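Understanding the architecture of this molecule
Chain residues, written in single-letter form:
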Amino acid sequence: MKISTRILSVILLLGYHSSLLCASPVKYDPPHVIDTMRDASQTTPVVAIHRGSWEPGFPENSEVAFIRANINGSAVIETDVRLTNDQVPVLFHDAGLGRLTNIYSYAPSGEQPFNPFTGEGYNPKITEVKYDIVSKLFLLHHPGDLPTAYHILSVKEFYDFYYNNYLNLTVFLEIKDPKSVPLLINMLNADTRDYYHGQGNGRELHASDFTIFKFNINYFPFYSDWQKVFSEQQVPCCYNAMPSYKSNTYSDFSKRGIDITQSLDSWISSENKKLAGVEIGLKTKGGILQDLYDRASGKAVTGIFNAVPDLPLANPSIQPWAAMQDVYDDSIYVKASYAIYDGTTGRCCYRLADLLSTWENKKDSKDERGNPSYIVGDNPQMPTFRIATSDKPDSMMNEFNAKGFKTDSDYFDAVPGLNVLPVYLSTVFQ
């Protein structure tokens, strides 16, 4: 019998949470989670783990990151969907492959591995590489480190993994390329498996039932644009969705002659029964998107990205006070504890303060999205934002709970199920 290198991850998982050998993790019921999420009268917060429960050794958007999220009792994850050169949807965060994979193994002669701290080295975009190569790449322990045993997952592989390992996570698919949406709609429509595995008390759970499409509002400015995609694919409309408005949406829409309030109104209309919420990237009270936030409040649940610095999460050996070069201005340096990798180039690093903007008489004077207290707010009756996506979910959950908003909610319900860890153990031996 051959023992794969994944045994190391399992050993670490056992050490991380040894009690799971004899007790099943909480099995939240995804339809109840989504119903709670979209109900604007509810106060229950939802924290989505960004890219799965990742850290060095447990790569982001990998099987082990998703297993850890489920074992930890998380209700929701968010993962990123990009397309390869031959139009295969895969789970990957960056536009370039250099920061997170061993793509350098396929580099032309003379090319060096990508160095995220200088921006030099081989870093092709994932859209430039065919799936045959992408599927063979290994994810790195952390940027610049050695490869792990984990590959980039195709979306199909992810749902197969979810089904085979009895997961019960609600899944945000963050769409990085709108051309992937028709492919995903058809994939989910064709997947008729019962993800309850016959344990749903007469109900079945299909992949589309626990999946939420999250996307930049530029892709589908109006709800009718979203409906049109389903009509074109001849698939009944519609699947769960969460459009995302950003500070630059005003500028983008102005160039296209689109009224932003009409866009929002179309999405939060009573006609849309599958709206999971609206992500509004309000960076500070009174910021560019304040009017949009106010317009949505009470009519739809608002979400936000908890923008925490990911350099120290990915590279914990870096001292918090270390000075990293600013990708937007080589003469300026970013303190490591404030540093965020650029998801387009893979470069290190920038600060939230680098991306403040203005629009007409509106201005983002600062960016407080990294502060859990700002996201939860001071209203004891309702959080400022009820849906938060975070790379540090524990901090986010602790803040909600400390202010009286229970994140482990009875409203999420539960379903019987097998412990995901013993099922995962079976993949170690091959």
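Positions within a chain are numbered from 1, following the residues in the order the chain's sequence is written. Since the coordinates come from a predicted model, pLDDT governs what is reported: local features require at least 70, and pairs of side-chain atoms require 80 or more to be given and counted, while whole-chain, interface and lining totals use all residues. Values shown for side chains rest on all heavy atoms present in the structure; no hydrogens or waters enter the calculation.

What counts as a helix is a DSSP run of H or I of at least four residues, what counts as a strand is a run of E of at least two, and both are numbered from the N terminus. Secondary structure summary: the protein chain contains 14 helices and 15 strands in total. The reference for a compact globule is 2.2 Å times residues^0.38; the radius of gyration itself is calculated from the C-alpha atoms. Taken against the 2.2 N^0.38 rule, which gives 22 Å for 430 residues, the C-alpha radius of gyration of the protein chain at 21 Å falls within 12% of a compact globule. The principal-axis extents of the C-alpha atoms in the protein chain amount to approximately 60 × 60 × 45 Å. Relative accessibility decides the category of a residue: with a 1.4 Å probe and only protein chains considered, values under 20% of the type maximum give buried, values over 50% give exposed, and everything between is partly exposed. The burial tally for the protein chain puts 53% of its 430 residues in the buried class. Taking all contacts inside the protein chain whose residues are at least 6 apart in sequence as the whole, residues at least 24 apart take part in 72%. Shrake-Rupley sampling with a 1.4 Å probe provides the accessible areas, and residues are treated as covered by the protein chains on show and by no other component. When the accessible area of the protein chain is evaluated, it comes to approximately 18,000 Å², of which 50% is carbon and sulfur surface. In summary, the charge assignment counts Lys and Arg as positive and Asp and Glu as negative, without counting His or the chain termini. Where a charge lies is defined by one atom per residue type, namely NZ (Lys), CZ (Arg), CG (Asp) and CD (Glu). The averaged location of the 49 negative side-chain charges in the protein chain is 1 Å from the averaged location of its 38 positive side-chain charges. Any pair of residues with heavy atoms lying within 4.5 Å of one another is described as a contacting pair.

When a carboxyl oxygen of Asp or Glu lies within 4 Å of a side-chain nitrogen of Lys or Arg, that pair is called a salt bridge. All told, the structure shown has 24 salt bridges when counted by the stated rule. Across the pair D35 and R38 runs a salt bridge, and its minimum N-O distance is 3.3 Å. Separated by three residues within a single helix, D35 and R38 lie in helix α2 (residues 30-38), roughly one turn from each other. A salt bridge links D391 to R51; the shortest N-O distance between them is 3.3 Å.

Residues of helix α5 (residues 155-164) that are buried include every one of V155, F158, Y159, F161 and Y162, and no others. One side of α5 holds all its buried residues, which, seen down the axis, span an arc of 160°. Downstream of α5 by a residue or two, Y166 has a phi angle that is positive, lying close to 55°. When we speak of the arc, we mean the arc of directions from the helix axis to the C-beta atoms.

Most of strand β8 (residues 240-245) sits inside the fold, with six of its six residues counted as buried. A two-sided burial pattern is seen for β8, the buried positions comprising N240, M242 and S244 on one face and A241, P243 and Y245 on the other. The path from the first strand over the helix to the second decides the hand: if it runs clockwise while the strands point away from the viewer, the crossover is right-handed. Regarding the hand of the β-α-β motif, the stretch spanning strand β7 (residues 211-216), helix α7 (residues 223-233) and β8 is right-handed. For two strands to be treated as a pair, DSSP must find at least two bridges joining them. As paired elements, β8 and strand β9 (residues 278-280) share two bridges and run parallel to each other. Its bridge partner being in β9, S244 is matched across the sheet by E279.

Further remarks concern unusual backbone geometry. With omega at 0°, the peptide bond leading from C237 into C238 counts as cis. Relative to the elements of secondary structure, C238 occurs in the loop between α7 and β8. C349 follows C348 through a cis peptide bond whose omega is -5°. Relative to the elements of secondary structure, C349 occurs in the loop between β12 (329-335) and β13 (358-359). You will see that N61, though not glycine, has its phi angle at about 60°, which is positive. Positionally, N61 belongs in the loop between β1 (46-50) and α3 (63-71). On the basis of relative accessibility, which here comes to 2%, the residue N61 falls in the buried class. Positive phi is not limited to glycine here, since N201 has a value of about 50°. Looking at the secondary structure, you find N201 in the loop between α6 (180-190) and β7.

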